[in-house]
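# Observations on the model geometry
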Amino acid sequence: MQDDDLRRLGIQELDTRAMIQISLYLLTSYSIPNVTICTIPRTPPGITCANVGEYKEAKEAFQMITSDKYRNEFTYLSWLARCYIMNGEPQYAWETYVSLI
């Protein structure tokens, strides 16, 4: 997505809420194969991949995030916990959930 596309969606800057809005927009506007949608530039790869059921790739994308600002957000932690659950790693999901409290 380009800056004009972001403004058309009412997004001023890319934050977690904007990333979710973009991924939902892409999922409802285009019928693109999963592999392609997970690699669209300027989209949140973790959330986008999880939305289309690619939980292993989503978990890897979430784990590559190094910014403490994002790693401490509720949205990041809840999506990461969901990826752990869907990948058969409930113990890590529980540890992530406990860090939310």
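Scope of this entry: the structure provided in the associated data block.

Conventions adopted
- Residues numbered from 1 in each chain as written.
- Predicted model: local features only at pLDDT ≥ 70, side-chain atom pairs only at ≥ 80, totals over all residues.
- Heavy atoms only, no water.
- Helix = DSSP H or I, 4+ residues; strand = E, 2+ residues; numbered from the N terminus.
- Contact = heavy atoms within 4.5 Å.
- Areas by Shrake-Rupley, 256 points an atom, 1.4 Å probe, with all protein chains shown as cover.
- Polar contact = N/O pair within 3.5 Å; in protein donor to acceptor, adjacent residues only side chain to side chain.
- Patch = residues over 30% accessible without salt bridge, like charges linked within 9 Å, V, L, I, M, F, W, Y side chains within 5 Å.
- Salt bridge = Lys/Arg side-chain N within 4 Å of Asp/Glu carboxyl O.
- Buried < 20%, exposed > 50% of the residue type's maximum accessible area, 1.4 Å probe, protein only.

## Considerations on the overall build of the protein chain
Along the backbone of the protein chain there are eight helices and zero strands. Traced from its N-terminal end to its C-terminal end, the protein chain shows the element sequence α-α-α-α-α-α-α-α. Considering only contacts in the protein chain between residues 6 or more positions apart, those separated by 24 or more positions represent 38%. For the protein chain, the exposed surface amounts to about 6,400 Å²; the carbon and sulfur share of it is 54%.

## Some thoughts on the environment of R71
Summarising the element assignment, R71 is placed in helix α6 (residues 68-71). Among the polar contacts made by the side chain of R71, one reaches the main-chain carbonyl oxygen of I65 at a distance of 2.5 Å.

## Notes on a nonpolar patch on the surface
On the surface, W94, Y97, V98 and I101 cluster together into a nonpolar patch covering about 480 Å² of accessible area. Take I101: it is sitting in the segment after α8 (90-100).

## Overview of the pattern of salt bridges
Scanning the model with the defined rule gives one salt bridge in all. With a closest N to O distance of 3.2 Å, E89 and K59 form a salt bridge. Here E89 is found in the loop between α7 (74-86) and α8, whereas its partner K59 is found in helix α5 (residues 55-64), with 30 residues between them in sequence. Side by side, E89 and K59 carry an identical accessibility label, which is buried.

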